[in-house]
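The lines below spell out each chain.
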Amino acid sequence: MLARTHQSMIWSRQRQTNHLRSMLRESYPGALEAFGDDLAGRDALAVLTIAPSPQAGRSLSRSKIASALRRAGRQRNVDATVERIQAVLRSPQLGAHPGVVAAYAASVSALVAVIGELVAQIENLRGQVEAGFGQHPDAEIYLSQPGLGKVLAARVLAEFGDDPHRYADARARKNYSGMSPITRASGTKRVVLARYARNRRLADALYQQAFAALKASPGARRYYDRQRARGATHHQALRALANRLVGILHGCLRHHAGYDEHTAWPTSAPEADLAA
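Reading the values: the criteria
- Residues numbered from 1 in each chain as written.
- Predicted model: local features only at pLDDT ≥ 70, side-chain atom pairs only at ≥ 80, totals over all residues.
- Heavy atoms only, no water.
- Helix = DSSP H or I, 4+ residues; strand = E, 2+ residues; numbered from the N terminus.
- Rg over C-alpha atoms; globule rule 2.2 N^0.38 Å.
- Buried < 20%, exposed > 50% of the residue type's maximum accessible area, 1.4 Å probe, protein only.
- Contact = heavy atoms within 4.5 Å.
- Lys, Arg positive; Asp, Glu negative; His and termini not counted.
- Charge placed at Lys NZ, Arg CZ, Asp CG, Glu CD.
- Polar contact = N/O pair within 3.5 Å; in protein donor to acceptor, adjacent residues only side chain to side chain.
- Salt bridge = Lys/Arg side-chain N within 4 Å of Asp/Glu carboxyl O.
- Core = buried A, V, L, I, M, F, W, Y, C linked by side-chain atoms within 4.5 Å.
- Phe/Tyr/Trp six-rings, centres within 6.5 Å; stacked < 30°, edge-to-face > 60°.
- Lys NZ or Arg CZ within 6 Å of the ring centre and 35° of its normal.

(A) Main features of the overall build of the chain. What the chain contains, in helices and strands, is 15 helices and two strands. Relative to the 2.2 N^0.38 estimate, which gives 19 Å for 276 residues, the radius of gyration of the chain is 24 Å and therefore markedly larger than a compact globule would have. C-alpha extents for the chain along the principal axes are approximately 65 × 50 × 30 Å. Out of the 276 residues in the chain, the part that is buried amounts to 42%. Long-range contacts, defined as pairs at least 24 residues apart, comprise 64% of the intrachain contacts of the chain with a sequence gap of at least 6. Looking at the chain, you have 38 positive and 22 negative side-chain charges, and the mean spots of the two groups are 6 Å apart.

Below, the structure written as structure tokens:
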């Protein structure tokens, strides 16, 4: 329950952030330039709280910006950050019609407050997810897998469940994960398709694991590169890697053993990796 609530809040924060980005594009483009893709970050929320409109942004002094950033928790590179933010907010930009400026400002303030509270609650739930996951007997096995930290591992465990008899074999676990492809053949045609009917929460967690594993595991990186060399797109290669990682996890859980790079990715058998 905690893992799902935490994930749902992250998705909600992203939806609200997208709404804020759309509103700033229409009314306050300088803020988008100043904070880029980090509208849910502490700097953006701190400045937009005290300056929700272009007029308020242009009137901000360096001392006010610096105070806001420090209250939000920034401790390093304050002066350089303040100078950059002030320069961008004071630069010429297209504004909204004067009659709706106040409405936009009120809407931005409301969204910033909602996002700020979501950020705080997400961090609070994160601690509870990590604490609960740490008490599970299989926690160390999950954490040994490449690309899995405490939160992501908790999601994978929660969605798979911990009944040791739920999945008859690795194929059953892969099919449930939604990462294994569907092959359809008719005559001389053979088509490999992604599974769209699946546990979205589990698929999202496994996709993130596969992406993180590219840096954490040399074997995972080689497997991904071989998929791309065969003509797979980035997303297809990541799904294939996620499917392979599910099989590795199943083996570790069955044998109650931690992840081992050399066992998981035998360098002498690349063909076996591709077939798996």
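Alright, that's what it looks like, and here's the rest.
(B) The arrangement of the environment of Q209 in detail. With respect to the helices and strands, Q209 occurs in helix α11 (residues 200–216). For the pair Q209 and Q14, spaced 195 residues apart in sequence, the C-alpha separation works out to 19 Å. Contacts of Q209, omitting those with residues within four sequence positions, involve Q145, P146, G147, L148, L152 and L245. One polar contact links the side chain of Q209 to the main-chain carbonyl oxygen of P146, over a distance of 3.1 Å.

(C) Expanded view of the pattern of salt bridges. Applying the stated rule across the entire model yields four salt bridges. The salt bridge partner of R126 is E130, with a shortest N-O separation of 3.3 Å. Taken together, the positions of R126 and E130, both in helix α7 (residues 101–134) and four residues apart, correspond to about one turn of that helix. With a relative accessible area of 36%, R126 lands in the partly exposed category. Of the charged contacts, one joins D225 and R221 as a salt bridge, the two residues approaching to 3.2 Å between their closest N and O atoms. Placement of both D225 and R221 in helix α12 (residues 218–229) is noted, with a separation of four residues, approximately one turn of the helix. Exposure remark for R221: the relative accessible area of 35% places this residue in the partly exposed category.

(D) How the structure looks around the nonpolar core. Counting residues in hydrophobic clusters, the biggest one holds 39 residues, and the most contacted among them are Y142, V156, F160, L206, L241 and W265. Of all the secondary-structure elements, those providing two or more residues to this core are α7, α8 (139–143), α9 (150–160), α11, α12 and α13 (234–255). By residue number, the principal contributor to this core is α13, which donates eleven residues. Counting 28 residues, the second-largest nonpolar core is a separate cluster that includes A31, F35, V108 and I115.

(E) Structural detail: the packing of aromatic side chains. By the definition in use, this model includes four aromatic pairs. Considering the side-chain rings of F160 and Y176, the 6.4 Å spacing of their centres and the 45° angle between planes classify their relative orientation as tilted. In this pair, F160 is assigned in helix α9 and Y176 in helix α10 (residues 170–177), connecting sequence segments 16 residues apart. Residue classification places Y176 among the partly exposed residues on the basis of a relative accessible area of 31%. On the numbers, 5.7 Å between centres and 50° between planes, the contact of Y223 with W265 is tilted. Of this pair, Y223 sits in helix α12 while W265 sits in the loop between α14 (261–264) and α15 (270–275), and the two are 42 residues apart along the sequence. For W265, a relative accessible area of 2% gives the class buried. Linked through ring pairs, F160, Y167 and Y176 together constitute an aromatic cluster. Sitting over the face of the ring of Y176, R166 holds its NZ or CZ atom 4.9 Å from the ring centroid. Geometry around W11 places R200 over its ring, the cationic atom sitting 4.3 Å from the centre.

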